[in-house]
Each structure stands twice: as structure tokens, then as C-alpha cells.
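Remarks on the overall topology
Each chain is listed here by its residues.
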Amino acid sequence: MDQKLQLEIYRKILLSRRVEERVAELVKAGQVGGFMHPGVGQEALQVAAIATLRPDDYMLYAHRGVAYWIARGVPLEKVLCDLACKEGGTNHGKGGVMRVVYPKLGVLGESGTLGGCFPIATGAGLSIKVKGEDKVVLCFFGDGTSNRGTFHESVNFCAVRKLPVIFLCENNGWAVSMPTERSTAVKDIAARAAGYNIPGVIVDGNDPEAVYDAVTTAVKRARAGEGPSLVEGKTYRLWGHWIGDPESYRSREEVEMRWRKDPLPRYEEKLTEAKVLTPSLKSQIEEESKAAIDKAVEFMRAQPLPKPESALEGVFAEA
Amino acid sequence: MDQKLQLEIYRKILLSRRVEERVAELVKAGQVGGFMHPGVGQEALQVAAIATLRPDDYMLYAHRGVAYWIARGVPLEKVLCDLACKEGGTNHGKGGVMRVVYPKLGVLGESGTLGGCFPIATGAGLSIKVKGEDKVVLCFFGDGTSNRGTFHESVNFCAVRKLPVIFLCENNGWAVSMPTERSTAVKDIAARAAGYNIPGVIVDGNDPEAVYDAVTTAVKRARAGEGPSLVEGKTYRLWGHWIGDPESYRSREEVEMRWRKDPLPRYEEKLTEAKVLTPSLKSQIEEESKAAIDKAVEFMRAQPLPKPESALEGVFAEA
Amino acid sequence: MRTITYAQAINEALAEEMRRDRSVILYGEDVANFGGIFRLTAGLKQEFGDERVFDTPISENALVGAGVGAALTGLRPVVELQFADFLFTAADEVVLKAGMWRYGHGGAYNVPLVIRCPSGAAGVGPEHGQCPEAFFMHAPGLKIVSPSTPADAKGLLKSAIRDNNPVLFFEHKLLYATKGEVPEGGDYLVPLGKAAIRREGDALTLVAISNMVPKALKAAERLAADGHNVEVIDPRSLVPFDRTAIIESVKKTGKIVVAEESYKTLGVGAEIGAMLLEEALEYLDAPLRRVAMPDVPIPTGANLEKFVIPNEEKIYTSCKELLR
Amino acid sequence: MRTITYAQAINEALAEEMRRDRSVILYGEDVANFGGIFRLTAGLKQEFGDERVFDTPISENALVGAGVGAALTGLRPVVELQFADFLFTAADEVVLKAGMWRYGHGGAYNVPLVIRCPSGAAGVGPEHGQCPEAFFMHAPGLKIVSPSTPADAKGLLKSAIRDNNPVLFFEHKLLYATKGEVPEGGDYLVPLGKAAIRREGDALTLVAISNMVPKALKAAERLAADGHNVEVIDPRSLVPFDRTAIIESVKKTGKIVVAEESYKTLGVGAEIGAMLLEEALEYLDAPLRRVAMPDVPIPTGANLEKFVIPNEEKIYTSCKELLR
Ligand SMILES: Cc1ncc(C[n+]2csc(CCOP(=O)(O)OP(=O)(O)O)c2C)c(N)n1
Ligand SMILES: Cc1ncc(C[n+]2csc(CCOP(=O)(O)OP(=O)(O)O)c2C)c(N)n1
Ligand SMILES: [Mg+2]
Ligand SMILES: [Mg+2]
């Protein structure tokens, strides 16, 4: 992978991590009301997968953290405004941070019911095929969500119509308090590809370059009109399901063991060994991130809340 | 397979075939209003699979014909009364022949939406496990129905809880006008078992003894508490989707070719060669069948329609 | 003017809109090769090809949800469900996705989606015969149309396809074969949200929906013979709902009867009753009468179904009670 | 009498019924090991074991449908959905299976199933905050319960579990932490179908549902201070519905206001309005007022949510309009 891309990915992983650390402070300090599911530990998977896309491709993110939007290039201040349900964001307080939307970059939004993403992704794939475009759809989902019926209906639908959709499972081992091995009859979600006669690939989700390669292959296949793929990234949810989760359902040891596989320091080491990252560059990136976050938080603080009456607007479009 | 069972299966296949021929006459002659999806060509699969059950097991049949009930031992005259929506049947005209129900033999009824059977079967399996019984649930479904999301959710649920459910796919090549290869991304429905880490078996659905053996294995596994299985019987829908279907969607040649694999004469030959069936025994069985049907039709004709006001009864049970 | 069936009117509307706008596509179970189990879409695949008219697997959640996804990304999908009852099978996609995607994302996207729903009891039992309009009338973000004539079927479907919002389009199965005058060619549009006064009168306001309209008109003729001149109103679309047409009529008549095939409790008649109690109490001189499906599932047997489904006789009697 | 929270009351009801009857089981997402995301089921797995209390995959159709299948075969399942909104995700199983299985099969089976549904807006947006009671009130075959106090939560849940029919049990999230007196032990049952008069009065009938009850009582106190003695009625169960309690009250007061968190159009207030227009027109001396969620999805932002969700002030003002 070329160094520019390596650094780009590293930057975004780091920025995402720092943003979530700051968000956690803000939420705990009660300075923003927003509710968020942190993605700490999964940023490598999210950032690297999105790095394979073209600006005109579509994506459906999952509910796990901010890296999706940072990776895609949604302005950080907009994300924070959505978190605070203020103006200046992408959805004017209607959907909060769980419904960041950015048509310019094909960020279609989020379904509040898990698994709602699959049929929507299928429909975006359908548009692409009907219009004869060579775009693709990247659809993120969790291991727990792979047990929704919509997964089955949508993957089969995409496979029979050869729609350009990449189903990307973030297998982080848990669905709230439910470990994957108790919720899911099969060890690897990727094994489910066999039920639809499509490629099913397993990749180390904490190795951004491995993720990039696996998703690139799936994207190529989709652009070539050969249909959908299922990619499973093995990763781990290092923080709680939500900010404030007691995490009574899993052991400290398990979590500590997983921190040792934290993709951020891991990629840092790799890039340092490869001489792509130097201590000075690292601290520069840290400072740039901090500056960007400070600026975005300031912007967010300065933004007004949406007008209360606006709650009544936007149900229907002009006929 | 012992001769008694062979003849029992043959008898029921033949009786089912003759019943549907008679029903078709009655419906075409407008003598019964009932609406039915004929099962002609699939009787071997249906009869042989049900022959593996104990009287205290549960079953969920599909919408395809009468053999399920005949095989299970639901009195024929009751089935015909349900067809005619008269009293004397199993559901008093409320559900017609698509909702034959017979608690005594664990015939739980039918869901009008395809795929509704899967969660219900799962729940019956749950009861068995919670009560510590060694019963099983046999759940029939079509190839087209295998694309409902409920299939995925239910098979996974049964697999993680090791519930004693046998999912039996009647792959008859068509879903109304939709050929299996266009509706379903995978050649063999059985391949989907890989997504749930359970056995997936393919069997010639027009060979009753092969079906009997395959389902017996799955039933044994279920009774032993080892969980669900997926069995796929390859068969063919020799008649239309409903009585009166123009069948404009498939070629005469295809259908004629399939008639040559009609399980009824095929099993007849096999049992004749094996000297289990003799010409005289055969004609005796034919006569017995005809007599049974005449008697049942007479009974049905003599039955009254349910009282109109009864339409308002039965929504709720006594609290 | 030429007369065609309600079924032909729907087929024409689909063909005309697909000719007019390449972004209109049509899919569902058995709609392409077979032309639909009710044969409404015959010929469309031949004219518009496999990409724009196609058969789907039996996957109602994917069908409807893909309609939303396609609508977000520049198409105007028309999805056929084989029976209106299957709206429940896909209710998450219908109520939470189609109805709420736009609002929940701050208006960033529109959802120009039409879901065609064959409704109505026709001897096929509880899960293939409902008129579920009222369920979805309670859901924000969904437009709901329920035409009773071939002309409205055509004009409203064309408007629904051009609408930038999700529209549930209910087609009563027993109306498919009915005939009526429908303007040839041109661009015949009927706006959503405008009720039709099917018969003028001042004795009583009789609101009838879908297949209840022809029954109500027959009942109205009998009542006329009895010397009662009732006004028959067909709302045609339930969302948006033409409240004024009904309120104005009641101000004139002082009496209201609602005939529908939905379940009585919280059927469309409930909303009409509440609306009048809010806005026209002083004009009402008789109690509300709701002629609706009793709160029971639809039985399969013909004689049972006949007993529960509203008909001309029940409408006539209910009006008569108020007109004594 | 001791006071406990609404949440504790639900936990007690579950524990008592599971002790009493081995056929009662409980399952849902995160209910066993974690004790439920709202911690309502804490301790139950420890007492009743893995077979009777267990966590499930994220598969709402299977959860609810399996509840029906288990109910057909001798169990009394209590299924927890994490949010009431997910009733739409499983609507086929809820409306068509749970509601119609008994009727469609001629009464051959009963469906003793309870679905626990945490409802109500609480800052979590359009798909996690609805009060969807009215949708399902329109569906035949489902009983619907919506308690507003800890005592009712306990007594009604126990009755629901013993009922031989499917019951949707709505628990307003904002009520979980509220406290109230609940009789200790014994067998405290509250029958379904009996409304509670929370406050007697003759000036106006104020019907309030679920979390609107405490708000209505506060509004009623302010109105009392203004010299208006309003009667506050809590239906507690919507199916069966205590029509008499409301009609009798209106005969006394002549005025009706309904406060609910469901969407206004075809919300519970619509049925109450229509019912009164059918049966009590001559007693009504003022128009109906419906204090309900406007017909928009629930916005996520706190200030937007506050603007649309009915509250004490809105209830007070609506009553006041009628009492001038
Ligand atoms: C249909 C549906 N069921 C349940 C929920 C509640 N819920 C939100 S996140 C979550 C866990 C999801 O697990 P997974 O898919 O593995 O994603 P992760 O949280 O691990 O990233 C649950 C149960 C929901 N939002 N939608
Ligand atoms: C959810 C749902 N979608 C569609 C239908 C309409 N329908 C009834 S039978 C059928 C075909 C089923 O095909 P398959 O599962 O292969 O069974 P077969 O008819 O071939 O025996 C369809 C589409 C239905 N009843 N329920
Ligand atoms: Mg997970
Ligand atoms: Mg088939």
C-alpha cells in the first residue's frame, strides 16, 4: 500500500479515536445530551473499508461510532452538531448522531431497527444496476445483526440480481451482552455466504491493510457486475455498548487481553517500523487532530438548537 | 424397509393422488367453493417424511395438497369438510382447507403468509425442550419460501438452542411462476445449512424410501437433543399452482418430462418388482381408496354450513 | 368515452408512467413473466424489459426495503405485494423506513415509492383479504390511496407514482373486473387529497371507501326511492384526507354514516367521527353509524364472510335508522 | 403499604408467576445474563435457570413467532421486545399469527402469549420511542394493556400472563423509575378491561393513557385550583376496553378530553370520540379535544421531542378551552 494512503488511514483512525474520547468526556460531563455507541477498537476496520470507495459510491454505516463519517469525509463539526441535536449538523436534530446523513458522499443514513440497512442497501444496488452505473454500495453490520431475517432476504435478492453490494460484517464478539457464539450458530459469519453462492471472506478487522485488500476485491467484483460479496472483519468492542454501560456481562481479563490487540498502537508500530511514521510526524498528527476536534467542538457549542416548531416540519416532501 | 410400511406409504400416496383428482373434479364442477394448491407429484415426499413421526410429534405442513393430512391420519371426511368450509371438519369454515388443524396428532395448523411456519415450528421445539420431552417438530416449506427472512431467523434460533426441529424443503422447482434458479441464489437449498452449522441433506423427493431414511436420521438427531436439521427433497409440481392455473410460465415439454418421474407409478413398479405389490392387491387398494373417497365426499355433502353468526365467535378464548 | 376495467386502468397507468419516466421501475412476485397473479402487469416486461420490470423472490421485507433504498437513490419504484395483508410482513420497512426515513434524516432525502396492495375479502381468509388502510393511516409519513373506480385507479396511480413521498396504493380485488369510463391517453391525473362527491344530497352524509362505494350508491338509490336524498362521498385518498368535503357535507345534512371494509375499532370511521366531534358537533343531529368489518379476522367460508363483510343492505339499514 | 418502582413491580410479577406456574417462560434480547437493558428481569435467570429464562439472537420475527408456537404447545411465554417499536419488525407474527391463529383454526388452539413492550419517547428518536398501542388496537385478537402505576403494572401483568389470549403489555420507559404503593406478596391481580377512576369530578372527563395519567392528574389539580373538578379516567387496558366507565362519566360531565402519546390520527382518542358520537351524542355539550402526539415521527433532539410530546400544560390548556 502506498505511504500516502497508509498515513491517510492512520490519521483517520487516530482522529476517530480522539473524537470518541472527547465525546465520552462531553457526554459524561453532561455537556451534550446525545446518546452514542462507541466504536473504539473497530476504527481500523471502518476506516480501511471506506477508503476503498469512490466519492460517488453509497454507504450504510452501522451504529458503532464516528469513524464511518470521519473516514468518508463528513465534516467533523457536522457530526458533533448531530450528536448534540443542534443546527449545523446533517439532520437538524431530527435524528441525532445515529442518523448522520450526507447525500453528497452517498451516506444514506441509518435504520433505527437493526437489519433495516440490508434492504436499503439492496435498493441502492438496484438503482445502480437499473441505471447502468458502476458504483457500489458498502453496507456495515454487526455480528448480532447478521441474525435478522432481512440479512437473508437481502443477500439472496442481491445475489440473484447480481447487485453491487458489499456486506461488511463487523464481528466484534458481542451484541450488547450477548456473545457471538451464543447468538449465532456458525463460528464465522462469512460462512453464510455459502447459502447464497457468493464469496465469503474472513479478515483480521484490526489490520487495516488486510481489510483494505479484502474489501477492494469485493468492490472490484461489484463494479464488474459480478454481484455481492460478504466480508467479515474480526474485531472487538473495547468500550461498552453505550457510554456508561456497566459491562457486567464480560470479564475485565477478556477486555484487557483485547486491548493488547488495539488496532491503533498496532498500526502505529507497523508504520513506524516501515519508517512511514516518525515520532515527530506522529505528534504532529496528534496535534492536528486535537486542533480539529477543539475547533469542531467550539463550532458545535456555538450552534443554536433547532426551532421547536421545526419538529412539525419535514414529514412529507412537496408532492 | 419392512413391507408393511412400504404398503402403508404406497396406500397413502395413492389415496392422496385420488383425493386430489376428485377434488379437482369437484372444484371444476363448482361443487365445492374451496381453493386448493394441488400436491400432485409431491406425495411421496410428504407421505414418507410424515411416516417417520410418532403420534405425539408436531408438524407444520405447507400449502401444497392433501397428502400431509392423509399421511398423518386426519380423517379424510374432515379434510373435505374443511375444503368445503362446512361443519364436520377441523376448523368450522373459519380457515378452509388451508388451515386444517388436528391437535390430537400435533397438526398445529398453517400460516397464511409463507414463512410464518418457521417461527411457529421454532416455538413448538422450544416447548419440547423446556418440558424435557423427546418429541420433534417436522416443518415443511417450499423452495420459494426458503427466501423468507423467517427461515434464517428460525433456523439460527433452533440451532443455537439445539431445538428438535426438522426443516423439510419441498423443492418442486417452482414458486408460482418463478423457477427456483431465478428466485434462489444457491442451487441446493440444503447448502444453506452451512450458515447455521447444522446437517443439510439432499434427497430424491420422489423416492419415498430415500426420503424416509433421510428424515429418520434428522428425527433421531432431534430426539437425541442434538438440534435441527435441514432436509431438501427434490421433486416437482406436476399440476398448476392452483386448480385452474394457466401455467403459461412453463413449457409442456418440461412438465411432460417430469411426469415420467411421477413417484406414484415409480413406487408401484418398485413394489411390484419386489413382489410386495401384486396386481390384485393394487386393484384392491384402488377400490378401497375410491370407496373411502366416495364415503368422505358423501359425508361432506351431508354436512351443514356453519351458522353465519358463528363468524363472530372464537376470536378470544375465555380469559 | 371508452369504458375499461379497473385492472386495465392500473395497467395503463403503469405503462404510461414507465414510458414517461425512465426512473419508474416495477417489481414483485410473479409480476414480470406471468403478468401478476391478478394479471394486472401483463405486457409490461415485454415493453420495458427485464431491468425495469422483474420478478422477485418471496422476500417481502427486501421488496419493500429495497423500494425505499431505490427511491433514496434516484428511482421511482412501484412495488407490488401480492396481497395487502403482506404489509404486515414488511411493516418495519413500511412504517419505520418508508414512513420515517425522510423526517428522521432531517429532510435530506425523499422517498418516492409506491406500494401496490390488492385488498379486500374475496374468499381467501384472514391473511389474504384485509383492508388494512386504517392501520397505516395512523403511521406518519405514508400517503394512502384507495380508489373505487377505474378512472380514479388510473388517475390516482399516476399521481402516486409522480408523488415524492411513499404511497400505499390499495386496489380492492373485487373491483378489478368492474368497468367504467376512463379518459383515453393524454395525461389523466387525479390529485391525492380531493374527495369525490359521488351523489349529491342533503338528508345524510354517507362516506364510503373503496369497494363500499358501489354498495353505498346502490343503498343511496333505495333510500332515494324511500324519499331520502343522501350524499355519497368517496374520500379516494385517506392521507392526505379531504376533511373539508366531509365537514361541509355534514353541516348540510347533520347526519353521518361511514361504510368501510376495515375493522370497526379504529377504522377510518373512528377518525371521521372524532374529527366531526371536534369540528362539527353543533351541526350533528344524529349519532354516528359505522358500517364496518366487525373486530374479527376474516373467515374463509363464503357464508361466514358474507355475514361479516359490510354490504348494501347493512349500509341501507344503518342510514335508515338515522333517517326515521 | 410498601412502595416500590414500576420496574420492580414488573420484576415481581414475572417472578411470582414463574414460581406459580412452570409453563411460564421468559426470553428476549439481553434479558437473562444482563437482566434486560432496562434491568427489569434481573435475578430471574438465577432463580429459574437457563431453560426458562434465556437470551435470544436479534431475530424479532422468530422471537414473537416462537412465542406463538410455544403458546400453542403448552407454554405461557413472556417475550420481551427491547422497544415497543419492534412490534413493527415482527408485525406479521403479532397481527397475523398471535392475533388470528385461534380464530383462523376454528378455536382449536389458544395463544397464551405476553409480549412486553417498553414504549414512550425518551430521547431515542423515531424508532425507539413510540407508543404504538392504537395500531394494534385495530387488530382483532390481541389484548392490549398499558398500565400507569406500579400496582397496575404488577396486577395487570400477572393477569396478562394468566390470560389465555395474546396480550401486548406496554410499559412506558419514563414510568419505570416511578414509585407507588403495591400490595405485598399474596396474589395481587388486576383484571383486564376495568378502567380506574383516578380522580372523581363532574366538570369534564379527562381520559389519560400510560404516562399521560400522572400528567393529567397534575393538570387536574391546577384545574381544581381554578374551580373545575375534572374526572380523570385511566382505561388501563385498551382491549378489552371499559367503554361504560367513559360513557357514564361523560353522561355526568358532558365534556371529553383524551390525553395519549400515540399519534393523533386514529389514536385511541379517535375511537373514544367515535364511540361517544355513537352512544352519548345527546350528553355532549362541548367538542372533543385530543391531546396526542402530532402526526409526525418522534424527533431525537430533546427540545424537539418536548415540543411534540403531550404534557401537563397541553392537557391543562385543552381542558381549559372547554371549561371557559
Ligand atoms: C431490530 C432491533 N433489535 C434490537 C435492537 C437493539 N439493539 C441495538 S444495538 C444492539 C446490539 C447489536 O449487536 P451487533 O449487531 O453485534 O452490533 P454491535 O453493537 O456489536 O456493534 C441491539 C440488540 C435494535 N436497535 N433493532
Ligand atoms: C409472505 C407471502 N408471500 C407471498 C405469498 C403468495 N404465495 C402463495 S404460494 C406462493 C408460492 C410459494 O412457492 P414455494 O414456497 O416454492 O411453494 P410451492 O407453491 O412451490 O409448493 C406464493 C408466492 C404468501 N402466501 N405469503
Ligand atoms: Mg457485535
Ligand atoms: Mg416450490
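See the structure shown above.
The sections below set out a description of the structure shown in this document. (Residues numbered from 1 in each chain as written. Chains lettered and ligands numbered in written order. Predicted model: local features only at pLDDT ≥ 70, side-chain atom pairs only at ≥ 80, totals over all residues. Heavy atoms only, no water.)

Describing the overall build of chain A
Each helix and strand counted, chain A has 11 helices and seven strands in total. In chain A, buried positions account for 65% of the 319 residues. Taking contacts inside chain A between residues at least 6 apart in sequence as the whole, the part at least 24 apart equals 75%. When the accessible surface of chain A is totalled, it reaches about 11000 Å², and 54% of it is carbon and sulfur. (Helix = DSSP H or I, 4+ residues; strand = E, 2+ residues; numbered from the N terminus. Buried < 20%, exposed > 50% of the residue type's maximum accessible area, 1.4 Å probe, protein only. Contact = heavy atoms within 4.5 Å. Areas by Shrake-Rupley, 256 points an atom, 1.4 Å probe, with all protein chains shown as cover.)

Some remarks on the packing of aromatic side chains
One pass over the structure, following the stated rule, counts 44 aromatic pairs over all chains. On the numbers, 5.1 Å between centres and 80 degrees between planes, the contact of A:Y61 with A:W69 is edge-to-face. With a relative accessible area of 2%, A:Y61 lands in the buried category. Measuring from ring centre to ring centre gives 5.8 Å for D:F88 and D:F136, while their planes differ by 45 degrees; the resulting arrangement is tilted. Pair noted here: D:F88 is in the loop between β4 (76–80) and α4 (91–98) and D:F136 is in helix α6 (residues 133–137), with a separation of 48 residues, a long-range link. Taken individually, D:F88 and D:F136 each receive the classification buried, so the pair is uniform in this respect. (Phe/Tyr/Trp six-rings, centres within 6.5 Å; stacked < 30°, edge-to-face > 60°.)

Some words on the site of ligand 2
Close contacts around ligand 2 come from 21 residues, with B:H63, B:R64, B:T145, B:W174 and C:E60 the closest. With respect to ligand 2, the chains having nearby residues are chains B and C. Between ligand 2 and B:H63 there is a distance of 2.7 Å, counted from an oxygen atom to a side-chain nitrogen or oxygen. B:D143 places a side-chain nitrogen or oxygen 3.0 Å from an oxygen atom of ligand 2. For the shell around ligand 2, the class distribution of residues is six nonpolar, 10 polar and five charged. (Near = heavy atom within 4 Å. Polar contact = N/O pair within 3.5 Å; in protein donor to acceptor, adjacent residues only side chain to side chain. Nonpolar A, V, L, I, M, F, W, Y, C, P; charged D, E, K, R; others polar.)

Here we look at the coordination of the magnesium ion (ligand 4)
All names here are of chain B. Taken together, the protein donors to the magnesium ion (ligand 4) comprise D143 (OD), N172 (OD1) and W174 (O), at separations of 2.0 to 2.1 Å. For the magnesium ion (ligand 4), the donor residues sit on a single chain with the sequence spacing D-x28-N-x1-W. Judged on exposure class, the residue N172 and its partner W174 are both buried. (Donors = N, O, S within 2.8 Å, 3.2 Å for Na, K, Ca; no water.)

Description of the packing of helix α1 (residues 3–28) of chain B against helix α2 (residues 43–50) of chain B
All names here are of chain B. Where α1 meets α2, the closest approach of the two axes is 9 Å, and the angle between their N-to-C directions is 135 degrees. As the angle between them shows, α1 and α2 are arranged oblique. Our pair here, α1 against α2, has a crossing hand that is right-handed. On α2, the residues that touch I9, K12, I13, S16 and R17 of α1 are E43, A44, V47 and A48. Here the residues of the contact of α1 with α2 sort into five nonpolar, one polar and three charged. (Axes fitted to C-alpha atoms, helices over the stretch in contact; angles between N-to-C directions. Parallel < 35°, antiparallel > 145°, perpendicular 65-115°, else oblique. Left-handed = near helix turned anticlockwise from the far one by under 90°.)

A closer look at the pattern of salt bridges
Under the counting rule described, the total for this entry stands at 114 salt bridges over all chains. A salt bridge links A:R148 to B:E153; the shortest N-O distance between them is 3.3 Å. Of the two residues, A:R148 sits in the loop between β2 (137–142) and α6 (149–161) while B:E153 sits in helix α6 (residues 149–161), which places them in two different chains. When the shortest N-O distance is used, the salt bridge between B:K234 and B:E232 registers 3.0 Å. The network of salt bridges with common partners includes C:R2, C:E12, C:E16, C:E17, C:R20, C:K154, C:K158, C:R162, C:E184 and C:D187. (Salt bridge = Lys/Arg side-chain N within 4 Å of Asp/Glu carboxyl O.)

Observations concerning the interface of chain D and chain C
Interfaces are often sized by the accessible area lost when the parts come together. Across the boundary between the two partners, chain D contributes 47 residues, which contact 48 residues of chain C. For chain D, the biggest contributors to the area lost against chain C are D:H138, D:L266 and D:L277; these three give 19% of the whole. Put simply, chain D and chain C have eight salt bridges between them. Across the pair C:K264 and D:E278 runs a salt bridge, and its minimum N-O distance is 3.4 Å. Our enumeration of links across chain D and chain C arrives at 20 residue pairs in polar contact (both at pLDDT 80 or more). Within the residue set of the side of chain D that touches chain C, elements represented by two or more residues are α4, α6, β13 (256–263) and α10 (268–279) of chain D. Classifying every residue of the side of chain D that touches chain C gives 28 nonpolar, nine polar and 10 charged. (Buried area = accessible area lost by both parts, 1.4 Å probe.)

Re the nonpolar core
C:L276 and D:L276 are the most contacted members of the largest nonpolar core, which totals 252 residues. Not counting residues up to four positions away in its chain, the partners in contact with C:L276 are C:I246, C:I247, C:V250, C:I256, C:L281, C:L284 and D:L277. (Core = buried A, V, L, I, M, F, W, Y, C linked by side-chain atoms within 4.5 Å.)

Details of the pairing of strand β14 (residues 289–293) of chain D
All names here are of chain D. Here β14 lies mainly inside the structure; four of its five residues are buried. One ladder, built from four bridges, connects β13 with β14; its direction is parallel. From the neighbouring strand, V257 faces β14, where its bridge partner is R289. A crossover connection joins β13 to the parallel β14 through α10; in handedness this β-α-β unit is right-handed. (Pairing = 2+ DSSP bridges. Right-handed = clockwise from strand over helix to strand, strands pointing away.)

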